[in-house]
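# Working through the structure, step by step
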Amino acid sequence: MEAWLQEQINAVLLLFALPTVGLPAIFVIALVSATLLPMGSEPAVYGLVRLSPEVFWPAILVATAGNTLGGAITWWMGYGAERAVERATHKPMTEGRALRWLQQFGPRACLLSWLPGVGDPLCAVAGWLRMPFWPCLLYMAVGKFGRYLCMTWALLYIWPPK
């Protein structure tokens, strides 16, 4: 059993090996990390750009697209969860102070979707509150693009390619 599990892990690692797959791996890693799974995609983007500096902008854009799509999936998960709770209880959920704060800012609050730890749940809460999808998606994309640009630039500044 242990040998089989090790083979499966090696197969997955080989599939997502950055030098072999490159941008598709960045897209998948960024998408998965934008759901509620605890995973960071910035090291993968930095690793690819450090190996191939010529793909700086494509890597930033592909990571932004994958992470934004993951944020959209999380938005829909929040939307579906709210509808399921409302159907099960036959009444809307009571809203606390944090939810009122998010409603006050509306879709602009999704600019903060880049924040570690709170950004992904923020996308789910935006769906829960039934904030307009397309403006939320636009603000998510802007915030996530800024994060990838700043993080990758900072990491390249600290540990430049040789």
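Thresholds, definitions, all that
- In this numbering scheme, every chain counts its residues from 1 along its sequence in written order.
- Residue-level local features of this predicted model are given only where pLDDT is at least 70; pairs of side-chain atoms are given and counted only at 80 or more, and the full residue set underlies all totals for whole chains, interfaces and linings.
- With hydrogens and water set aside, each side-chain value is computed from the structure's full complement of heavy atoms.
- Helix and strand assignments come from DSSP, with helices taken as H or I runs of at least 4 residues and strands as E runs of at least 2, each series counted from the N terminus.
- Categorising residues by exposure relies on relative accessible area from a 1.4 Å probe, with only protein chains included: less than 20% of the type maximum marks a residue as buried, more than 50% marks it as exposed, and the intermediate range marks it as partly exposed.
- Whenever two N or O atoms come within 3.5 Å, that pair is a polar contact, provided that in protein one can donate a hydrogen and the other can accept it, and provided that, for residues adjacent in sequence, both atoms are side-chain atoms.
- In this analysis, two residues are considered to be in contact whenever any of their non-hydrogen atoms come within 4.5 Å of each other.
- Every patch collects residues that have over 30% relative accessible area and no salt bridge, joining them within 9 Å if they carry like charges and within 5 Å if they are nonpolar side chains (Val, Leu, Ile, Met, Phe, Trp, Tyr).
- We get accessible surface area from the Shrake-Rupley algorithm with a probe of 1.4 Å; when it comes to residues, only the shown protein chains can shield them.
- Any carboxyl oxygen of Asp or Glu within 4 Å of a side-chain nitrogen of Lys or Arg constitutes a salt bridge here.

## Looking at the side chain of S33
You can see S33 is positioned in helix α3 (residues 23-33). Residue S33 is classed as buried on the basis of its relative accessible area, which comes to 6%. Separated by 3.3 Å, the side chains of S33 and S41 make a polar contact. Among residues more than four places away in sequence, those in contact with S33 are M39, G40, S41, N67, D120 and Y148.

## Brief notes about a nonpolar patch on the surface
Nonpolar side chains collect at one region of the surface, where M1, W4, L5 and I9 lie side by side and expose about 480 Å² of accessible area between them. In this fold, L5 is placed in helix α1 (residues 2-15). Overall, L5 belongs to the partly exposed group, its relative accessible area being 46%.

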